Amino acid sequence: MEEILNIFLKAAFIENMALAFFLGMCSFLAVSNTVKTSMGLGIAVTFVLIFTTPLNFLINYYFLKPGALTWISDSLKDIDLSYLSFLIFIATIATAVQIVEMVVEKSFPSLYNSLGIFLPLIAVNCAILGASLFMQEREYSSLSQVIPFSLGSGIGWLLAIVSLAAIREKITYSNIPEPLKGPGIAFITTGLLAIAFMSFMGIQL
Amino acid sequence: MNVQSNKYIYTYSIILISIVAVVLTLVSVALKPFQEENRRIEKMLSILYSINVQTKKETVANDYKRYIVNSFVVDSKGEIVKNKVAFEINVEEENKKPFNKRMLPVYVAEVNNEKKYIIALYGKGLWGPIWGFLSLNNDFNTVYGCYFDHKGETPGLGAEIATFEFQKQFKNKKLFDEQKNFVGIKTVKGGADKNNPHEVDAISGGTITSDCLTKMLFDGIKNYIGFLKKGNNYGK
Amino acid sequence: MENKEPLFSAKIKKTFLEPLNINNPITIQILGICSALAVTVKFKPALVMAISVVVVTGFSNLIIALLRNTIPMRIRIIVQLTVIATLVIIVDQILKAFVYDVSKQLSVFVGLIITNCIVMGRLEAFAMANKPWPSFVDGIANGLGYGIILIIVAFFREILGNGTILNEKIIPDFLYNAGYLNNGLVILPPMALIFIGIIIWVQRGVLIKKK
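Residues numbered from 1 in each chain as written. Chains lettered and ligands numbered in written order. Predicted model: local features only at pLDDT ≥ 70, side-chain atom pairs only at ≥ 80, totals over all residues. Heavy atoms only, no water.

**Focus on the overall build of chain A**
Which entries qualify depends on this criterion: Only DSSP runs of H or I with at least four residues qualify as helices, and only runs of E with at least two residues qualify as strands; both kinds are numbered from the N terminus onward. Here's how the labels work: a residue is buried when its accessible area is under 20% of the maximum for its type, exposed when over 50%, partly exposed in between, all with a 1.4 Å probe on protein chains only. Contacts are assigned to residue pairs with any non-hydrogen atoms lying within 4.5 Å of each other.
Within chain A, the secondary structure is distributed over nine helices and zero strands. Along chain A, helices (α) and strands (β) appear in the sequence α-α-α-α-α-α-α-α-α when read from the amino end. Evaluated residue by residue, chain A yields a buried proportion of 53% over its 205 residues. Here the contacts in chain A between residues at least 6 apart in sequence split such that 76% fall between residues at least 24 apart.

Structure representation (structure tokens):
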């Protein structure tokens, strides 16, 4: 139980996908103009994450990693399919995103309209593929580690994007030099926010 | 032809996937020997690096033969295990086994007519695995040299464990205290006590990786305690 | 119906030059930021990363442009991702086989080229609607536009953070003796964001003045 909580808190705060590893920055910077749309995107990303990362974990565990196929027959133990992992992971993610897109379009049309092009772009959101690649890289060994990890990553990303959006809403009214307006100041704000988030890094769980 | 029909979509996907699968398998099979050779060369380079011999890819095979005079495998009690090749032991896999079932590779090098004993380490870093080799003088206590590497630590921060600047601190540090109790070597944030034989400076900005390294050193050397305590029997 | 265009027509030149400056993928289109940040601490990984991205954007644009009339609309995203992922795997395998040390430094970020929005964005915006040759040029140019920013950021971060370029010492010793210190803050990841912010500031400032 304690381990599950640790993994969750670590993924959400200390190793925040957006602010510690800068994953999912494209949609992060483009959508975070208003708190409402960021919230919607954050929820969509979290949902896709908790669905795809465990699924990719199972695929990796039972099919792709070196020696994974021994459950079929012992003679397959030398087969290493890990070179296919990028392709399989992204295929799982793309499929999951299309399903989410269909569900959102049917059930929440107003959210669908405000997210616009960014819903299909979740498929190329680095945070989601990144979570799957970290899951593989860090060699998590069971679903009880992967599920809190993906939930924590999603919620951490949501928190980061919503807080950036809140800052940007306020910044609209400030007097910023013309060339710095828009993306320029967004980058610098995110940088400062990330430096603030680095203070979590020292925490030992 | 109707490009949007279901039948077309299915056929299209199947053809695409088959082409991709064939291409990727060909590439992977064709490049595998190069990648494996790289791994062998890298392992030899790292072992030599831990006894402060720096060499190049082209000359590593010869240098390895010249310096590494012997290698064997021990268990956690320090007994030599027969019929095992040290170079082929996968330390990562061994660390997953219960403590007293682990097979531990030892390489013996000869530098300036003195024997050095090289042990292998493996652990978890911040992003991915970290590993290394530690070479000891023939008192089985004093560090002669070391080598650390990592799979994906943050460049410029945790990744600095792989630099000479960091690794040179380990020379002449000791694993055991004067009462022959195992202490190991710690990375200390904010500067180590220069006179303490069990401390080195941690990497500034790479605290988590440094802590992981401390843990790897402690756990990794603990595996070998049986061997190190018996050490003198092998020295002769 | 096809008018033969010369290989380097004015239009192609425009396709090539725009992404390098006035339509730069990072600073103007704000795409592909993720990987830009993590690999720019040192010059060499940034360079290899830039080359890898150029290869992937160029060839994925070329392949999709060749296939553009055969791709069913409903599965186009998956087809595009398959092509990109295949190219990235090939690049990753080649890096592992021939420049093993750099490929280790880049670690997961080679894989993350797949989700680099530049690649996907150019496929959607250009290659799906254009002929192979202009698409190839567009892909290469966007890759280069991305690479330039990576290299500029990496240049400043390595020289300010480590005092080196390609691991060669650049800052002379007398400066250190006079009390100059390497700036540890620059190596920290958030500074990459702030550098890109500054580049955008400078670039937009120049562009606005021109108008």
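**Regarding the interface of chain A and chain C**
Note the cut-off: Here the quantity called buried area is the accessible surface, traced with a 1.4 Å probe, that two parts lose on coming together, added over both. By convention in these notes, a salt bridge is any Lys or Arg side-chain nitrogen within 4 Å of a carboxyl oxygen on Asp or Glu. Polar contact criterion, stated in full: a pair of N or O atoms within 3.5 Å, where within protein one must be able to donate a hydrogen and the other to accept it, and residues adjacent in sequence count only if both atoms are side-chain atoms.
With 40 residues of chain A in contact, the opposing surface of chain C contributes 39 residues. Contact between chain A and chain C buries roughly 3,400 Å² in total, counting both sides, with carbon and sulfur atoms accounting for 86%. Ranking the residues of chain A by area buried against chain C places Phe22, Phe86 and Phe187 of chain A at the top, with a combined share of 20%. At the boundary of chain A with chain C, the tally comes to zero salt bridges. Between the two partners, chain A and chain C, sit zero residue pairs in polar contact (both at pLDDT 80 or more). At the level of secondary structure, the elements contributing two or more residues to the side of chain A that touches chain C comprise helix 2 (25-31), helix 4 (85-107), helix 7 (126-137) and helix 9 (183-197) of chain A. A per-element tally of the side of chain A that touches chain C places helix 9 of chain A first, with nine residues.

**Here's the deal with the sheet that holds strand 4 (residues 114-124) of chain B**
Residue and element names in this part refer to chain B. Our working rule: In this scheme, strands are said to pair when DSSP sees at least two bridges between them. In this analysis, axes come from line fits to C-alpha atoms, helices being fitted only over the stretch in contact, and the angle between any two N-to-C directions falls in the range 0 to 180 degrees.
Strand order in the open sheet formed by six strands is 2-1-3-4-5-6, and the pairing between neighbours is antiparallel. Because the sheet does not close on itself, it has two edges, and the strands there are strand 2 (80-81) and strand 6 (143-150). Bridge count between strand 5 (residues 129-136) and strand 6: seven bridges; the pairing is antiparallel. Opposite Ile130, over in strand 6, you have His150 as the bridge partner. Relative to strand 6, helix 1 (residues 6-50) is tilted by about 145 degrees, and along the sheet it contacts strand 1 (68-74), strand 3 (104-111), strand 4, strand 5 and strand 6. Packed onto the sheet, helix 2 (residues 60-67) meets strand 1 and strand 3 and runs at close to 75 degrees relative to strand 1.

**A closer look at the pairing of strand 3 of chain B**
Residues and elements named next belong to chain B. Extensive coverage of strand 3 is indicated by the burial of seven of its eight residues. Inspection of the sheet shows strand 1 paired to strand 3 by six bridges, in the antiparallel sense. If you follow Val73 over to strand 3, its bridge partner there is Pro105. For strand 3 and strand 4, the ladder comprises six bridges, and the chain directions are antiparallel. The residue of strand 4 that forms the bridge with Tyr107 is Ile118. Taking the residues that link successive antiparallel strands as the turn, the strand 3-strand 4 hairpin has two residues, and the phi of Asn112 there is positive, at about 50 degrees.

**Remarks on the interface of chain B and chain A**
Which entries qualify depends on this criterion: In this classification, Asp, Glu, Lys and Arg are treated as charged, Ala, Val, Leu, Ile, Met, Phe, Trp, Tyr, Cys and Pro as nonpolar, and every other residue, Gly included, as polar.
With 16 residues of chain B in contact, the opposing surface of chain A contributes 13 residues. Of the roughly 1,200 Å² buried between chain B and chain A, counting both surfaces, carbon and sulfur atoms make up 58%. Applying the counting rule to chain B against chain A returns one residue pair in polar contact (both at pLDDT 80 or more). Looking at the side of chain B that touches chain A, the elements with two or more residues in it are helix 1, strand 4 and helix 5 (207-223) of chain B. Among the elements that make up the side of chain B that touches chain A, the one with the highest residue count is helix 1 of chain B (five residues). Among the residues forming the side of chain B that touches chain A, the class breakdown is seven nonpolar, four polar and five charged.

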